[in-house]
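# Summary of structural features
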Amino acid sequence: MLQAQSTTRPVSGAPAWRRLGLRLAGLALAATAVLTAQAQPASRVDRVDGAYIQANAAKSTDWPSHGLDYAETRFSRLQQINTGNVGQLGLVWSYNLESTRGVESTPLVVDGVMYVTASWSVVHAVDVRTGQRLWSFDPQVDKSKGYKGCCDVVNRGVALYQGKVFVAAYDGRLIALNARSGQKVWEQDTLIDHTHSYTITGAPRVIKGKVVIGNGGAEYGVRGYVTAYDAGTGAQAWRWFTVPGDPSKPFENEAMARAAKTWDASGKWWESGGGGTAWDTMTYDPELNLMYIGTGNGSPWARSKRSPGGGDNLYLASIVALNPDTGEYVWHYQETPGDNWDYTSTQPMILADLKIDGRPRKVILHAPKNGFFFVIDRTNGRFISAKNFVDVNWAKGYDANGRPIENPEARSTDKPYDAVPGPFGAHNWHSMSFNPQTGLVYLPAQNVPINLMDNQNWKFNGNQPGEPHGGLGWNLAMYANVEPPKGKPFGRLIAWDPVRQKAAWTQEQVSPWNGGTLTTAGNLVFQGTADGRLIAYNAKTGGKLWESPTGTGVVAAPITYEVDGRQFVSIAVGWGGVYGLAQRATERQGPGTVYTFAVGGKAPLPDFVGYRLGELVSGVKYDPAQVQAGTMLYVSNCVFCHGVPGVDRGGNIPNLGYMDAAMIEHLDKFIFKGPAMARGMPDFSERLSLDDVQKIKAFIQGTADAIRPKK
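Residues numbered from 1 in each chain as written. Predicted model: local features only at pLDDT ≥ 70, side-chain atom pairs only at ≥ 80, totals over all residues. Heavy atoms only, no water.

## Comments concerning the state of the cysteines
Defined as follows: Disulfides are defined in this document as cysteine sulfur pairs within 2.5 Å. Relative accessibility decides the category of a residue: with a 1.4 Å probe and only protein chains considered, values under 20% of the type maximum give buried, values over 50% give exposed, and everything between is partly exposed.
On inspection of all chains with the given rule, the structure shows one disulfide. In this model, cysteine 150 is linked to cysteine 151 through a disulfide, with the two sulfur atoms separated by 2.0 Å. Taking the torsion about the sulfur-sulfur bond, which here is approximately -90°, the covalent link between cysteine 150 and cysteine 151 counts as left-handed. Of the residues examined, cysteine 150 reaches a relative accessible area of 25% and is grouped as partly exposed.

Have a look at this one:
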């Protein structure tokens, strides 16, 4: 088994001649691996390109790109598994991804080989006939830098093109691998500024021989952009920024000059980045030769600080069409003008051809965070319709021109407002799917209640106690949950009719943060759930037909493909993402795992391990007078990862209210260059003092004491 690593390490303590011999032996082994790969029979993976992806969409034998096809429908034409026999699905094999953090990957499968990513951007190639590893590649991301991302150290998958596997590492590198051996072919640093907390969690796309990737980091004060690289050489082809830069300098293009007119320069938006990061969705229409990206939230969140005079703040929270050859702007539609609530438009979009008002239309189907389902003309960006798919309170609807009819209270700056949906979104990155046979979109919907209030005293990188995650670089210019939110959390699977703009059926779920969906010509919809199940539904009626336990919560989307005439369904499982850091809906946990099912499968499920949740911490000495100050410090440094002590139960990161008292007593030993840095824990030695730690300890123990049941 070839284990491909991004770095080679010398053998310390060996004499020079011995080290040289080992290096030569290593080179010989690497050369042998490459020659072996070259000597293998021809594989379809060498032929994957745009024509291959389009041809495969007609039969869906393979799953060669992120959303199956360029339109990202996630609709498979396979129907060997259908409503009549889906109840006979059984496990064929499971594969250990050897990860403990979130798994958000959509696996790709071509010619019997699966390419799937785990947390920390580790790539695995798996033989789907046996479930055995062919190779793995670890880009060796510095785990002490895990704090630079808002939303777990996740990766949503790879791209394939002409015998190469492309993965975007969490730390901003774009890496090309040999699909046969896992050996690195080239690597590019995609980041424009390493002094800011840019990360990448999304899957790259390859369009016309160019690998396109965006980035994340709007909460930290960055400027969004997408970049295209030559798939063969890694050379940069073009870059397009999503928001304008410093107006004292020349704008990169006319699109940026136009956008700058929609921002108020008195807010000096460029100092806090502006945001607009394109961290997830991309689609492509070969006929129109247009690629479409979704852009993110503003930086900071509060428009009153980012752009005090108001304005739409282009191109935040928008769908933007670009020329894939040059990266030039073609058109845009802004779904949330002047974003004020973290209402990103980075959620997955689908291209479809629908008959609307009696005539065919080429459309984009999109359900962003803001709670409205949009149908947009993809030829020109014109608004067709929008209807809320969950309850919303920030807007009453959209007018005929595609402008939201806002509730004025939603922009209140001096009191908390329960924005519905909250910043987690009515729909987040979890993939939706479209079945042209039913005409329905299968959409994971949710609500996670949070209220927001402007921080009138905010300064960029000010890091005042009480600023959410300010100690780790967040710049929201807002406070969160100054009052307990009034809304109710929920998770829901909605079968949405985009022509009638209404739900055809719904399935209520036990928690928010359920996985993406897959739909098939077998009249099926598959979805994994936060409470640890993979479920199959009747695509027309919503009736549940089959389910299997997965041991831990599911956030990623399933896929289906055919090998040797047999249809398989696979899903990568690993609880996490921003909600899954501190929350969970299952009592079981386990390593990241790929499950593969087929009719008649009889393999046993792997062992599931129960969460070990101890008793509420007790006995740590503290000064009650320090609890309030400790609360503010905890909000600024700990809460989004560890949750509220004792109130939350922990997700893929433990809740500190249930830790051993000795650990809380010696908290400084764990947060100042502590042992958990190797697993992603930040080093707080330059951020907190020993006195600060005492106050945080007071909050942890004080909260545990306050909620402890009275005897």
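## A word on the sheet that holds strand S32 (residues 490-497)
What counts, and what does not: Only strands joined by at least two bridges in the DSSP assignment are considered to pair. The numbering of helices and of strands both runs from the N terminus, where a helix is a DSSP run of H or I of at least 4 residues and a strand a run of E of at least 2. Between the N-to-C directions of two axes lies an angle of 0 to 180 degrees, each axis being a line fitted to C-alpha atoms and, for a helix, fitted only over the stretch in contact.
As summarised here, the arrangement of the four strands in space is S28-S29-S32-S33, forming an open sheet in which the pairing is antiparallel. Only two strands of the sheet have a single partner each, and these edge strands are strand S28 (433-435) and strand S33 (502-509). Neighbour to neighbour, the strand axes of the sheet diverge by 25° on average, direction disregarded. With three bridges joining them, S28 and strand S29 (residues 440-447) adopt antiparallel strand pairing. Its bridge partner being in S29, serine 433 is matched across the sheet by tyrosine 442.

## A few points about the sheet that holds strand S2 (residues 75-76)
Strand order in the open sheet formed by five strands is S2-S34-S35-S36-S37, with mixed pairing between adjacent strands. Among the strands making up the open sheet, the edge pair consists of S2 and strand S37 (544-549). For strand S35 (residues 524-528) and strand S36 (residues 533-538), the ladder comprises five bridges, and the chain directions are antiparallel. Following the sheet pairing, glutamine 527 is matched in S36 by isoleucine 535.

## Remarks on the confidence of the model for the protein
Let me state the cut-off plainly: Per-residue confidence from the predictor is reported as pLDDT, a score between 0 and 100. It only takes one pair of heavy atoms within 4.5 Å for two residues to be counted as in contact.
Residues with a pLDDT of 70 or more make up 94% of the protein, whose mean pLDDT is 93. Within the model, pLDDT remains below 50 along residues 1-39, and this stretch shows 34 contacts once partners closer than five positions in the same chain are excluded.

## Re the nonpolar core
Inclusion rule: Side-chain atoms within 4.5 Å link the members of a nonpolar core, which is a set of buried Ala, Val, Leu, Ile, Met, Phe, Trp, Tyr and Cys residues.
One finds Tyr115, Trp240 and Phe526 to be the most contacted residues of the largest nonpolar core, which totals 84 residues. By residue number, the principal contributor to this core is strand S39 (residues 566-573), which donates five residues. Leave out the neighbours within four places in its chain, and tyrosine 115 touches Val45, Pro107, Leu108, His124, Ala125, Trp135, Val158, Leu160, Val165 and Ala179. Judged by nonpolar contacts, the second largest core, of 44 residues, contains Ala352, Val363, Val392 and Ile494.

## Some points on the pairing of strand S23 (residues 359-366)
Sheet analysis places strand S22 (residues 349-356) next to S23, joined by eight bridges and oriented antiparallel. The residue of S23 that forms the bridge with leucine 354 is arginine 361. Where S22 folds back on S23, the antiparallel hairpin that results is connected by two residues, among which aspartate 357 adopts a positive phi of roughly 55°. Taken together, the four bridges between S23 and strand S24 (residues 372-377) define a ladder with antiparallel strand orientation. Counted as the bridge partner of leucine 365 is valine 375 from S24. The hairpin turn running from S23 into S24, its antiparallel successor, is five residues long, and glycine 371 in that turn takes a positive phi close to 95°.

## Some remarks on the packing of aromatic side chains
For the record, the criterion: Stacked, edge-to-face and tilted are the three classes for Phe, Tyr and Trp ring pairs, Trp counted by its six-membered ring, which pair at centre distances within 6.5 Å; planes under 30 degrees apart are stacked, over 60 edge-to-face, the rest tilted. Consider the ring centre and the ring normal. A charge sits over the ring if Lys NZ or Arg CZ is within 6 Å of that centre and within 35 degrees of that normal.
Scanning the model with the defined rule gives 35 aromatic pairs in all. Taken together, a centroid distance of 5.7 Å and an interplanar angle of 45° make the contact between tyrosine 292 and tryptophan 331 tilted. Highlighted residues: tyrosine 292 in strand S18 (residues 290-294) and tryptophan 331 in strand S21 (residues 329-334), separated in sequence by 39 residues. A ring pair is formed by tyrosine 595 and phenylalanine 597, whose centres lie 6.4 Å apart and whose planes are at 20°; its orientation type is stacked. Each of the two residues, tyrosine 595 as well as phenylalanine 597, counts as buried. An aromatic cluster is present here, built from Tyr333, Trp341, Tyr343, Phe372, Phe374, Phe383, Trp394 and Tyr398 joined pairwise through their rings. One cation-aromatic arrangement involves lysine 143 over tryptophan 120; the distance from NZ or CZ to the ring centre is 5.1 Å. The positively charged end of arginine 687 is found above the aromatic ring belonging to tyrosine 147, 4.5 Å away from the centroid.

## Notes on the pairing of S36
In terms of burial, S36 is largely enclosed, as five of its six residues are buried. Taking the residues between adjacent antiparallel strands as the criterion, S35 and S36 are bridged by four residues, where glycine 532 takes a positive phi near 85°. Where S36 meets S37, five bridges bridge the pair, whose relative direction is antiparallel. Bridge pairing in S37 links isoleucine 535 to glutamate 547. What sits between S36 and S37 in their antiparallel hairpin is a turn of five residues, with glycine 542 showing a positive phi close to 85°.

## A few points about helix H10 (residues 690-707)
Note the cut-off: One fewer than the residue count of a helix, multiplied by 1.5 Å, yields its expected span.
The end-to-end C-alpha distance of H10 is 26 Å, a good match for the 26 Å that 18 residues give at a rise of 1.5 Å each. Among the residues making up H10, those that are buried are Asp692, Val693, Ile696, Lys697, Ala698, Phe699, Ile700, Gln701, Gly702, Thr703 and Ala704. Tucked into the core, H10 has its buried residues touching helix H6 (627-637), helix H8 (661-665) and helix H9 (667-671).

## Remarks on the environment of glutamine 456
So the rule is basically this: Between N or O atoms, a polar contact is any pair within 3.5 Å; within protein, one atom must be a potential hydrogen donor and the other a potential acceptor, and residues adjacent in sequence are included only when both atoms are from side chains.
With respect to the secondary-structure elements, glutamine 456 resides in the loop between strand S30 (452-454) and strand S31 (478-480). Classification of glutamine 456 by relative accessible area gives partly exposed; the value is 44%. Setting aside residues up to four positions removed in sequence, glutamine 456 forms contacts with Lys305, Thr413 and Asp414. At 2.8 Å, the side chain of glutamine 456 forms a polar contact with the backbone oxygen of threonine 413.

## Topic: the packing of H6 against H10
Under the convention used in this document: To sort the angles, those under 35 degrees are grouped as roughly parallel, those over 145 as roughly antiparallel, those from 65 to 115 as roughly perpendicular, and the leftovers as oblique. Here the term charged refers only to Asp, Glu, Lys and Arg, the term nonpolar to Ala, Val, Leu, Ile, Met, Phe, Trp, Tyr, Cys and Pro, and the term polar to all other amino acids, Gly among them.
Put simply, H6 and H10 touch, their axes get as near as 7 Å, and they point 100° apart. By the angle class used here, H6 and H10 are roughly perpendicular. Between H6, through Val627, Ala629, Gly630, Thr631, Leu633 and Tyr634, and H10, the contact on the second element is made entirely by Asp692, Lys695, Ile696, Ala698, Phe699 and Ile700. Residues belonging to the contact of H6 with H10 are distributed by class as follows: eight nonpolar, two polar and two charged.

## Some remarks on the pattern of salt bridges
Applied cut-off: For salt bridges, the criterion is a side-chain nitrogen of Lys or Arg within 4 Å of an Asp or Glu carboxyl oxygen.
A full pass over the atoms with the stated rule returns 36 salt bridges. Across the pair aspartate 325 and lysine 208 runs a salt bridge, and its minimum N-O distance is 3.0 Å. Residue aspartate 325 is found in the loop between strand S20 (318-322) and S21, and its partner lysine 208 is found in the loop between strand S12 (205-207) and strand S13 (210-213); the two are separated by 117 residues along the sequence. Look at aspartate 325 and you get partly exposed, because its relative accessible area is 33%. Through salt bridges with shared partners, a single ionic network connects Asp285, Glu287, Asp353, Lys362 and Arg378.

## Topic: a nonpolar patch on the surface
As a reminder, the rule being used: In this analysis, a patch consists of residues with relative accessible area above 30% that form no salt bridge, clustered at 9 Å for like charges and at 5 Å for the nonpolar side chains Val, Leu, Ile, Met, Phe, Trp and Tyr. Under the convention used here, a 1.4 Å probe and the Shrake-Rupley method define accessible areas, while residue burial counts only the protein chains that appear.
Judged by side-chain polarity, Val644, Val647 and Ile707 come together as a nonpolar surface patch covering roughly 210 Å² of accessible area. The class for isoleucine 707 is partly exposed, based on a relative accessible area of 35%.

## Side note on unusual backbone geometry
The omega angle of the peptide bond from leucine 314 to tyrosine 315 is 5°, so this bond is cis rather than trans. Along the chain, the position of tyrosine 315 falls in the loop between helix H4 (303-306) and S20. The phi dihedral of aspartate 152 is positive, around 85°, even though this residue is not glycine. Relative to the elements of secondary structure, aspartate 152 occurs in the loop between strand S7 (132-138) and strand S8 (159-161). For lysine 673, which is not glycine, the phi torsion reads 50° and is therefore positive.

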